[in-house]
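# Survey of secondary and tertiary structure
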Amino acid sequence: MKILSRLLGRETPPSPAATGNNGDRHGLGIEIGALTVQGVGPDPDEDALMTLQVAISRGEELLPLCMCIVADGMGGHEGGQIASDLAVRLVGEWVLSRIYRPFLGEPDNPAARQPVSEVLTEAIVAANGKVHEACPDGGTTLTCALVLGSNAFLAHVGDSRAYLISRNTIRRITTDHSLVNRLIELGQITAQEALQHPQRNVLYRALGRPGNLEVDTHLQSLPAHSALLLCTDGLWSAVAEDEMLSTISAAPSPQIACNHLVDRAIEHGSDDNVTAVLVQV
Amino acid sequence: MERRQKSQPPSSANRTPEDALEPGAVLQQRYQILKVRGSGGMAVVYRARDLRFEKVSRICAVKEMTVHAPETRLRDLVVHSFEREANTLASLNHPAIPHIFDYFNESNRVYLVMEFVEGQDLEQLIDDSPAPLDPGRVIDWAIQICDVLGYLHSHEPPFVFRDLKPSNIMINEQGDVRLIDFGIAKVFERGQRGTMIGTAGYPPPEQYRGFPEPRGDLYALGATMHHLLTQRDPRQEPPFSFHEHPIREVNPKVSAALDAVVMKALEYDAAKRFGSAAEMQAALDAVNHLSTSPAPISTIALSPFEAAVTYDGDVTPYWTFACEDEVRSSPTVSDGIVYVGSFDHNLYAVDATEGKFVWKYPTEDVISSSPHVWGDLVLFGSEDHVIYALFKETGGIAWSTPTKDRVRSSPRVSLEHVFVGSDDHHFYCLSARQGRQMWAFETPSFVRSSPAVSPERVYFGASDGCVYALDVQTGRERWRFTTNRTVISTPLLYEGVIYVGSMDWNLYAIDAQARWSLWSYRTQGWVVSNPALSETTGLVYVGSADGNVYAIDRETGRKAWSYETGGPVTSSPAVTNDAVYIGSTDGHLYSLDARQGELRWKFDTGASVVSSPTVWEHAVFVGSRNRNLYALPL
């Protein structure tokens, strides 16, 4: 239209253009796949996941609002399972009441619109206290993504991960709160050595521990035709990133991608619980 | 490594084990248990009396190793380690190392009898202290620890303590240091199954590669000192994150020299630490001497550990251009010409390289709107209610369009249309070629914010506290986002997120599609400054009326740094790869390091700088209320 108006020399009201660096993206269709399987090892099933998707129209626009959570519990006597399960439910319920309900029920009430970063952080901090009360010996990782419009907002503790898959590349968004990750950052060990490090399972931050919990938050723009993968260490410690990418790229749907990702992890000998959630936009 | 498996409560280190010996129990018909002194891991330490000395009450420490593990191999390892501790202690002779008296097996348990060290360990001391410990005491202890570490490291091969931490350092009533717990039982912690919670705490990074060496003990000493001086327990922090918690921010009583010694010990790279315990001891001695010296200390004398002084060097403008009244408008540069409005009613065109007058265009009132160049036109508003488009070459008028009140908003052009607000409560879309009104959108109050325009929507703030998103084509409202006060700040649109300040003190990040706040950062004053973003640093920069310049991580919404100026900051930042330039009402233009927020330089104009700087080639341009327009080196 810009070119047209120049050519014709006519004054026309400004029109939407097809391109633009800061262009608003809308009408995104979102599709979710999710799978969690129990490992063959001696540990009980300690992973948990949740997904919740709505889309609401505003004029011709379709606004998606989608939440995904993965958690990997730890601690004996089923403490890990209780912790991950409880944490996922508590965080889900919190986000539901503070974002989904105002989003659907009170769209014009600014008082009901708390910033996403605050809601997610408070949700995880509140869950931290309750999980600790309910299960003093347990703890859990938790990675939560809220997809809102063309952005995803992530909140995270522990070593479950979020990856962005876009333009045939895969990039890790979250930072593992693990000792080995700090050692990698400091150049003491390589990522490959970390996979074999005797203390590779030691986390310095997790949900369900006494005291204050610092939550990582992260705003991630989601380009068109991108995907967000949330997974526990059962997947990422067994399947290399390039194989994750090729598996996702080859799959016809997010659900089949998740099925195949989990298959790959088991083929590579993962005896841990494996959980994958894939959000495709 | 301090870590705990998830099945153990964190306080287990101090609780009394259920199967501990009862008071009164006698071992080897000689050592009468008095009480449990402490426990941790697989060991329990008792306070006991040596009955061999009937006439005197000779007190000793009895350390008991219990192995609950059914595996023979693990049990053998524990016993072997315990024997090693006994042999180690028996071969050492230093006043800070407790004497060993006896070693024996009884009832499937292994015992070590040692000198009883009276006093408190440093962990108890710091836990009981309401404030960080006195730097003088910490230096004194650290010097003694360096002495004993020097002794241990002088063995061939060097004896590496490997587990230096506050709970392993005892202090008696005289202030003498004793190292306790030579049990080097790391072997038991390896290769455990399942994810667990733990933290590095005090040991150095290389110890987790399996390379304990003497300089690692110096790191652990640095970590211990950091804990004592800040009360920040490293076991509660991400591993190896001491450099993220500057000591002097927490405890201003710590001198720069002491801080430098501790941070040198805590270098990640062992080669950058002190070469030996003796070297660290000498550095601490020097700090001690300085801090106890009665004579006034020159900061130069603190070298080489004194932190670098801030740089506040002279900045000489390339040129200064004098207007006839205040310059509050923000300059813009195009094709080597600077355009800026002044309170003297004129819009000026000034040569950017030499500061020479090119032309000026008089309006009927003061100009606080900032000019915008589009093609061969320069567009701006005036308090005479009119929006002007001038030919940028000549200053001749292309068109002018009146509104019904002052125009303080600065126009933006997109898709051949001008978007601009007015104090007449309207936001206008005009054709850029002729100034004809395409649509107008009415708000309940002034529109002084300037717009951000995407191919589909235009975003601006208004004095009713709302950020509006309108359809560019029709001017129809798509959404509004309500803040609690007036929005004068100009929204910044980047990757589907609107960043905008409000006079409710917040900087907001709003999803441009779902109009939901992704994060907000609260300053302590109005935010009328326009945010600027650097793709290089990923930071959003903005000024606040609380006097600070803020850098907020755009992904987390958390503050990366802030820099305090001497007055409210209503100017908006200009960003290059390295630096942020911003004015303050304290009269200065500041150049700050974009990543760290350190001062690069500041330039005093003598009157408040509310104009926002702009960068072109090798210069930064800014106006001042002292009537001048400046060109300064970057």
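Since the model is a prediction, treat every value here as computed from it, not as a measurement.

### Examining the overall build of chain B
Broken down by element type, chain B carries 7 helices and 43 strands. Taken over 634 residues, chain B has a buried fraction of 52%. The long-range fraction of contacts in chain B, counting pairs at least 24 apart against all pairs at least 6 apart in sequence, stands at 48%.

### Points about the overall build of chain A
Looking only at helices and strands, one finds 8 helices and 12 strands in chain A. Counting all 281 residues of chain A, 52% fall into the buried class. For chain A, contacts bridging at least 24 residues in sequence account for 72% of all contacts bridging at least 6.

### Quick look at the domain arrangement of chain B
The domain boundaries assigned to chain B delineate domain 1 (3–115), domain 2 (120–186 + 200–293) and domain 3 (319–366 + 444–633). Between the C-alpha centres of domain 1 of chain B and domain 3 of chain B the distance comes to 68 Å.

### Structural notes on the sheet that holds strand 25 (residues 452–453) of chain B
Residues and elements named next belong to chain B. Taken in spatial order, the 4 strands make up an open sheet running 25-26-27-28, and their pairing is antiparallel. In this open sheet, the two strands that pair with only one neighbour each are strand 25 and strand 28 (477–482). Two strands pair when backbone bridges link them, and strand 25 and strand 26 (residues 457–461) are joined in this way by 2 bridges, in the antiparallel orientation. Of the residues in strand 26, the one forming a bridge with valine 453 is valine 458.

### Observations regarding helix 8 (residues 254–267) of chain A
All names here are of chain A. Look at helix 8: 20 Å from first C-alpha to last across 14 residues, which is about the 20 Å you get at 1.5 Å a residue. Of the residues making up helix 8, those classed as buried are Pro254, Ala257, Cys258, His260, Leu261, Val262, Arg264 and Ala265. Against strand 1 (31–37), helix 6 (233–236), helix 7 (241–250) and strand 12 (274–280) lie the buried residues of helix 8. Following helix 8 by one or two positions, glycine 269 adopts a phi angle in the positive range, close to 90°.

### Side note on the nonpolar core
Note on soluble globular proteins: their nonpolar side chains tend to be buried together. Within the largest apolar cluster, 189 residues are counted, with the highest numbers of intra-cluster contacts made by Leu146(A) and Leu229(A). Element by element, the count of residues in this core is highest for helix 2 (residues 79–105) of chain A, at 9 residues. The residues touching Leu146(A), leaving out its near neighbours within four places in the chain, are Met67(A), Val95(A), Ile99(A), Val116(A), Leu120(A), Ala152(A) and Phe153(A). One finds Val117(B), Ala142(B), Leu152(B) and Leu266(B) within the second-largest nonpolar core, a separate group that totals 46 residues.

### Concerning the sheet that holds strand 33 (residues 532–534) of chain B
All names here are of chain B. Taken in spatial order, the 4 strands make up an open sheet running 33-34-35-36, and their pairing is antiparallel. Of all the strands in the sheet, the pair left with one neighbour each is strand 33 and strand 36 (559–564). The mean angle between the axes of side-by-side strands here comes to 20°, regardless of whether they run parallel or antiparallel.

### Details of the environment of Gly355(B)
All names here are of chain B. Following the sequence through the fold, glycine 355 ends up in the loop between strand 15 (346–351) and strand 16 (357–362). With 18 C-beta atoms packed within 10 Å, glycine 355 lands in the partly exposed category. Apart from residues lying up to four places away in sequence, glycine 355 is in contact with Trp319, Thr320, Phe321, Val350 and Ala631.

### A look at the pairing of strand 31 (residues 506–511) of chain B
All names here are of chain B. Counting buried positions along strand 31 gives 6 out of 6 residues, so the element sits mostly inside the fold. Burial along strand 31 is two-sided: the residues Asn506, Tyr508 and Ile510 and Leu507, Ala509 and Asp511 are all buried. Here 5 bridges tie strand 30 (residues 497–501) to strand 31, and the two strands are oriented antiparallel to one another. What sits directly across from glycine 501, in strand 31, is leucine 507. Hairpin connection between strand 30 and strand 31: a loop of 4 residues separates the two successive antiparallel strands, and tryptophan 505 in this loop has a positive phi of roughly 85°.

### Here's the deal with unusual backbone geometry
For residues that are not glycine, phi is negative in most cases, and the peptide bond is trans in most cases. Residues and elements named next belong to chain B. Notably, arginine 162 is not glycine yet its phi reads approximately 70°, a positive angle. Mapped onto the elements, arginine 162 comes out in the loop between helix 3 (135–153) and strand 9 (169–171). In this structure, glutamine 231 is a non-glycine residue whose phi angle is positive, near 65°. With 16 C-beta atoms packed within 10 Å, glutamine 231 lands in the partly exposed category.

### Quick look at the confidence of the model for chain A
Residue and element names in this part refer to chain A. Looking at chain A as a whole, its pLDDT mean stands at 85, while 85% of the residues score no less than 70. Contacts of residues 1–11 to residues separated by more than four positions or lying in other chains number 11 contacts, the stretch itself having pLDDT below 50. Between residues 16–27, whose pLDDT stays under 50, and residues either more than four places distant or in other chains, the model counts 29 contacts.

### Examining the pairing of strand 38 (residues 579–583) of chain B
Residues and elements named next belong to chain B. Counting buried positions along strand 38 yields 5 of 5 residues, so the element is predominantly enclosed. Where burial is concerned, the two faces of strand 38 agree: the one with Ala579, Tyr581 and Gly583 and the one with Val580 and Ile582 are both buried. Two strands pair when backbone bridges link them, and strand 37 (residues 574–575) and strand 38 are joined in this way by 2 bridges, in the antiparallel orientation. If you follow alanine 574 over to strand 38, its bridge partner there is tyrosine 581. Two successive antiparallel strands, strand 37 and strand 38, enclose a turn made up of 3 residues.

### A few points about the packing of helix 3 of chain B against helix 4 (residues 214–230) of chain B
How two helices pack is summed up by the angle between their axes together with the distance between the axes. Residue and element names in this part refer to chain B. Running from amino to carboxyl end, helix 3 crosses helix 4 at an angle of 165°, the nearest separation of the two axes being 11 Å. Between helix 3 and helix 4, the crossing angle belongs to the class labelled roughly antiparallel. Helix-helix and strand crossings are classified by hand; for helix 3 and helix 4 the assignment is right-handed. Contacts between helix 3 and helix 4 pair Pro135, Val138, Ala142, Ile145, Leu149 and His153 from the former with Pro214, Asp217, Leu221, Met225, Leu228 and Leu229 from the latter. Among the residues making up the contact of helix 3 with helix 4, the classes are represented as 10 nonpolar, 1 polar and 1 charged.

### Topic: the environment of Ser431(B)
Residue placement: Ser431(B) occurs in strand 23 (residues 426–431). With 13 residues separating them along the chain, Ser431(B) and Val418(B) place their C-alpha atoms 6.0 Å apart.

### Structural notes on the environment of Gly222(B)
Residue and element names in this part refer to chain B. Mapped onto the secondary structure, glycine 222 falls in helix 4. Sequence separation of glycine 222 and threonine 565 is 343 residues, and the distance between their C-alpha atoms is 34 Å. Residues in contact with glycine 222, not counting those within four places in the same chain, are Val262, Ala265 and Leu266.

### Focus: the confidence of the model for chain B
Residues and elements named next belong to chain B. Model confidence for chain B is summarised by a mean pLDDT of 86, while 89% of its residues fall at 70 or above. Residue range residues 1–15 is modelled with pLDDT below 50. Its contacts to residues more than four positions away, or to other chains, number 33 contacts. Predicted confidence for residues 293–312 stays below pLDDT 50, and this span has 19 contacts to residues more than four positions away or in other chains.

Calculation criteria
- Residues numbered from 1 in each chain as written.
- Chains lettered and ligands numbered in written order.
- Predicted model: local features only at pLDDT ≥ 70, side-chain atom pairs only at ≥ 80, totals over all residues.
- Helix = DSSP H or I, 4+ residues; strand = E, 2+ residues; numbered from the N terminus.
- Buried ≥ 20, exposed ≤ 12 C-beta atoms within 10 Å, placed from the backbone.
- Contact = placed C-beta atoms within 7 Å.
- Domains from an automatic or database assignment.
- Pairing = 2+ DSSP bridges.
- Expected span 1.5 Å × (residues − 1).
- Core = buried A, V, L, I, M, F, W, Y, C linked by C-beta atoms within 7 Å.
- Axes fitted to C-alpha atoms, helices over the stretch in contact; angles between N-to-C directions.
- pLDDT = per-residue confidence, 0-100.
- Parallel < 35°, antiparallel > 145°, perpendicular 65-115°, else oblique.
- Left-handed = near helix turned anticlockwise from the far one by under 90°.
- Nonpolar A, V, L, I, M, F, W, Y, C, P; charged D, E, K, R; others polar.

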